[in-house]
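# Fold and geometry: a report
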Amino acid sequence: MPDRADPARPGHPAPRGILRHRPERWLFKGIYGLVLASALVAALDVPGEGPNPGQDALWVLLTALASGAAHGYAHVIARRAAADGTAGPSRLRAVLVEWPLTAAVLPTVAMLLAAEAGWWAEETAAGTALLFNTVCLFGLGASAARAAGLGRLSSLRAGALDMLIGLLIIAADALID
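Now for a description of the structure that goes with this document. (Residues numbered from 1 in each chain as written. Predicted model: local features only at pLDDT ≥ 70, side-chain atom pairs only at ≥ 80, totals over all residues. Heavy atoms only, no water.)

### Examining the overall build of the protein chain
Of the regular secondary structure elements, the protein chain holds six helices and zero strands. Order of helices (α) and strands (β) in the protein chain, N terminus to C terminus: α-α-α-α-α-α. By sequence separation, contacts in the protein chain at least 24 residues apart represent 65% of the contacts at least 6 residues apart. For the protein chain, the accessible area works out to roughly 10600 Å², and carbon and sulfur atoms hold 68% of it. (Helix = DSSP H or I, 4+ residues; strand = E, 2+ residues; numbered from the N terminus. Contact = heavy atoms within 4.5 Å. Areas by Shrake-Rupley, 256 points an atom, 1.4 Å probe, with all protein chains shown as cover.)

Structure below.
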């Protein structure tokens, strides 16, 4: 089946897969979730304290769910204020559409739960999660740039800039520890 042209980008095929429907929303929320997970795992992995990766995994997941719900609810409130106090039936949808934020933290949660199961140390799980999230930030940044129609080199530059956020979190974690 041939690709349909993307009306937003004449001459370019429509994005496929998860980027097919409103890629900017998925990318925004995915990047936000990755940064959130990285910051939390760095903050929760405190040297000198006993390991508690199960509790850390729960905090990462609960914080992502609360952040997604708060972000969605903020959209509902903003729409209500803009529409003279009325809100449509899409209030629940506005909250549920935040699922990419929660989905983005799931690999970090899984790594911490693997540490809880004794498959590796919490410190190793935290370090691996930080590295994984940083690589994902690069991938999402580069994908977003490609979806926007940028060339390969510009997309790689955009991915590198997004990856810089993860590297800054890693550096801050190293300096604070």
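Next comes the rest of the write-up.
### As for the packing of aromatic side chains
What the rule picks out here adds up to one aromatic pair. Ring plane angle 25 degrees and centroid distance 6.4 Å describe the contact between F28 and Y32, whose orientation is recorded as stacked. Taken together, the positions of F28 and Y32, both in helix α1 (residues 23–44) and four residues apart, correspond to about one turn of that helix. According to the relative accessible area criterion, F28 is partly exposed, its value standing at 47%. Owing to a relative accessible area of 40%, Y32 belongs among the partly exposed residues under this scheme. (Phe/Tyr/Trp six-rings, centres within 6.5 Å; stacked < 30°, edge-to-face > 60°. Buried < 20%, exposed > 50% of the residue type's maximum accessible area, 1.4 Å probe, protein only.)

### Quick notes on the pattern of salt bridges
Scanning the entire structure with this criterion turns up one salt bridge. Between K29 and E98 there is a salt bridge; the shortest N-O distance is 3.5 Å. Here K29 is found in helix α1, whereas its partner E98 is found in the loop between α3 (91–96) and α4 (99–116), with 69 residues between them in sequence. Here K29 and E98 have matching classes, each one buried. (Salt bridge = Lys/Arg side-chain N within 4 Å of Asp/Glu carboxyl O.)

### A few points about a nonpolar patch on the surface
A cluster of nonpolar side chains, contributed by L58, W59, L62 and L65, occupies part of the molecular surface with about 390 Å² of accessible area. The residue L62 is located in helix α2 (residues 53–82) in this model. Exposure remark for L62: the relative accessible area of 41% places this residue in the partly exposed category. (Patch = residues over 30% accessible without salt bridge, like charges linked within 9 Å, V, L, I, M, F, W, Y side chains within 5 Å.)

### Quick word on the nonpolar core
Judged by nonpolar contacts, the single largest core of 17 residues is most densely connected at V60, V105 and L112. Among the nonpolar cores identified, the runner-up in size contains seven residues, and W26, L27, I31 and L34 belong to it. (Core = buried A, V, L, I, M, F, W, Y, C linked by side-chain atoms within 4.5 Å.)

By themselves these figures say nothing about function.
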